[in-house]
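Overview (structure and organization)
Take a look at the letters that make up each chain.
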Amino acid sequence: MENWVATELAAQNMGDVRLNKRMAKLTENLCRDPSLSIPCANTTWAETFAAYRFLDNAKVTFDSIMSGHRESTLRRIHAEPVVLIPQDTTFLNFATDDKSKGMGTLRTKKSNQQLLHTSIAISPSRVNLGVVDGSMWQRDEAATKKSLASQKIEEKESYRWLLHYQSACTIQAHCPDTTVVSIADREGDIHEWFQYAETVPVERRASYIIRAKVNRALALEEERISLWDHMNSLKSLGKYSVNVPKRNGEPGRDASMNVFVSEVQLAGRGKVRRPLFLHVVYLKELNPPAGITGIEWMLLTDLPVDDFVQARVIIEWYRCRWEIETYFRVMKGGCDIENNRFRTEPRMLNCIAVYMIISWRLHSITMLARRIPERPCTDAFADREWKILWRMRIKTPPPKTPPTLREATHMLAGLGGFLGRTGDGEPGVKTIWQGYDKLLHYIEAADAFGV
């Protein structure tokens, strides 16, 4: 357990050696059971008090907490030819009980909803390489669409998408031999993003793939036409199939979609928005089941797309965006971050930053086992971890040769309730994090008894 923390945070730089040590200690304590609160995860009151002092220290910020992890993430990115950086927002609700006022046992919940915007780096094979950026804020409920229209982009909530794209550009500058691609869903469809990208020097400009939300006007052969009308007028280059899992009461299905591609020029508007050239990959489902809305993706990118093969690459890279949703599931379910209570936003974000590193660890183990299953498990597990895991699951002394990643991960998921029956497939994130919780308790007990 300590081994992965020490390796991951080896380059930690918080401006004070004592803060570096406290960061490592806090991460180790929270790792023992990521679902526990800080008072429960720390074994003594002194450690609990030190943890709160650490999170409240003026020198401790999101960036300083992430410094060691970011260096490790950069090292992993350097080793990849292509790295995708999906970004998205998740809602965190830190609800608290209001005291009952002469109402007996009746209690009410006071909502404290925060938004967390995050960017993670993943390989095209969907292995989580690390957290790139994170920011948190509360939504201004009083803002109206009319007032937002008159605001500068820097004053809008959507500015987060542009800031996180800038983080992707910073990664690109540090990793010139890696193709870095920022990916966003429909909320990231803002003209200022496309316009800003053109101003970034090529050598440090990250590419992007964004699902369109706005049916913009195009300037084609001195004629104005809407984006959707133009793409629907084209001839399909081929068909792309995707398995749609069951959700919201709808059965799963294999969806077949037509693929269209085009280079377009977005029309300018006034002096603020200038015309821009982009490539578009458009997918539209053929014959969706009755009563079900078919899949339709309009993907905007600055990457060249001239044929069906290139279009498939763009589609498959965009589909990797789903991994950030899985990562959020790990944060909320595996680490239970919404159960932490803090009075100030900086302290809350500092705590979340620590949990983001732990969530990366749980998510990466799951995906590594799926993508490189025959690699030795020591690529993801410390010796102490896999050896105790072997003893608890196989009930024999551990072998000299470590098991494969797939074998170790199946054993870990088995602790979390994964049955491994024929047809069960590979274990999911939930059984991985539940198994990891139990493994850390076994390690703690073994340490206590000197085993």
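Refer to the structure presented above.
Just so it is clear, the structure is predicted and the values come from calculations on it, not from any experiment.

**Details of helix α2 (residues 17-31)**
Taking 1.5 Å per residue as the helical rise, α2 with its 15 residues ought to reach 21 Å, and the 21 Å between its terminal C-alpha atoms agrees with that figure. Those residues of α2 lying buried are Leu19, Met23, Leu26, Thr27, Glu28, Asn29, Leu30 and Cys31. Between the side-chain oxygen at the start of α2 and the backbone nitrogen of Arg18 there is a gap of 2.8 Å, and the oxygen is on Asp16.

**Considerations on the layout of surface pockets**
Looking at the second largest pocket, its volume works out to about 1100 Å³. Residue lining of the second largest pocket: 30 residues in total, with Asn243, Val244, Pro245, Arg247 and Trp322 positioned closest to the centre. Of all the secondary-structure elements, those providing two or more residues to the lining of the second largest pocket are β10 (238-244), β13 (296-301), α10 (308-319), α11 (322-334) and α12 (345-371). A per-element tally of the lining of the second largest pocket places α11 first, with five residues. Looking at side-chain class alone, the lining of the second largest pocket contains ten nonpolar, six polar and 14 charged residues.

**Looking at the packing of aromatic side chains**
Two aromatic rings are characterised by how far apart their centres lie and by the angle between their planes. The tally for this structure, following the rule as stated, stands at nine aromatic pairs. Ring centres 5.4 Å apart and planes at 65° place the aromatic pair Trp297 and Tyr318 in the edge-to-face group. Here Trp297, found in strand β13, pairs with Tyr318, found in helix α10; they are 21 residues apart in sequence, far enough to count as distant. Given the relative accessible area of 14%, Trp297 is considered buried. When its relative accessible area of 5% is taken as the criterion, Tyr318 is described as buried. Through a chain of ring-to-ring contacts, the aromatic side chains of Tyr165, Trp193, Phe194, Tyr196 and Tyr208 assemble into a single cluster.

**Looking at the side chain of Gln195**
Position of Gln195 among the secondary structure elements: in helix α8 (residues 191-199). Here Arg274 takes part through its backbone nitrogen, which lies 3.0 Å from a polar atom of the side chain of Gln195. Ignoring any residue separated from it by four or fewer positions in sequence, one finds Gln195 in contact with Val272, Arg273, Arg274 and Leu276.

About the thresholds
Sequence order as written defines the numbering, with residues in each chain counted from 1. Restriction of local features to residues with pLDDT of at least 70 applies here, the model being predicted, together with a cutoff of 80 or more for giving and counting side-chain atom pairs; totals for whole chains, interfaces and linings are based on all residues. Calculation of side-chain values draws on the structure's entire complement of heavy atoms; hydrogens and water are dropped beforehand. Secondary structure is summarised from DSSP: a helix means a run of H or I of at least four residues, a strand means a run of E of at least two, and numbering begins at the N terminus for each. One less than the residue count of a helix, multiplied by 1.5 Å, gives the span that helix is expected to have. Accessible area is worked out with a 1.4 Å probe on protein chains only. A residue is then buried under 20% of its type maximum, exposed over 50%, and partly exposed in between. Contacts described as polar in this section are N or O atom pairs within 3.5 Å, which, within protein, must combine one atom able to donate a hydrogen with one able to accept it, while residues neighboring in sequence count only if both atoms come from side chains. In this analysis, the protein atoms alone were mapped onto a 1 Å grid. Cavities are point sets where a 1.4 Å probe fits without being able to get out; pockets are open sets with protein on both sides within 12 Å along at least five of seven lines; lining residues have an atom within 4 Å of a point. Grid points are joined across faces, edges and corners, and a volume is the space filled by probe spheres set on the points. Under this grouping Gly is polar, as are all residues other than the nonpolar Ala, Val, Leu, Ile, Met, Phe, Trp, Tyr, Cys and Pro and the charged Asp, Glu, Lys and Arg. Classification of ring pairs rests on two measures: the distance between centres of Phe, Tyr or Trp rings, Trp counted by its six-membered ring, which must be within 6.5 Å, and the angle between planes, read as stacked under 30 degrees, edge-to-face over 60 and tilted in between. The contact criterion used throughout is that any non-hydrogen atoms of two residues lie within 4.5 Å.

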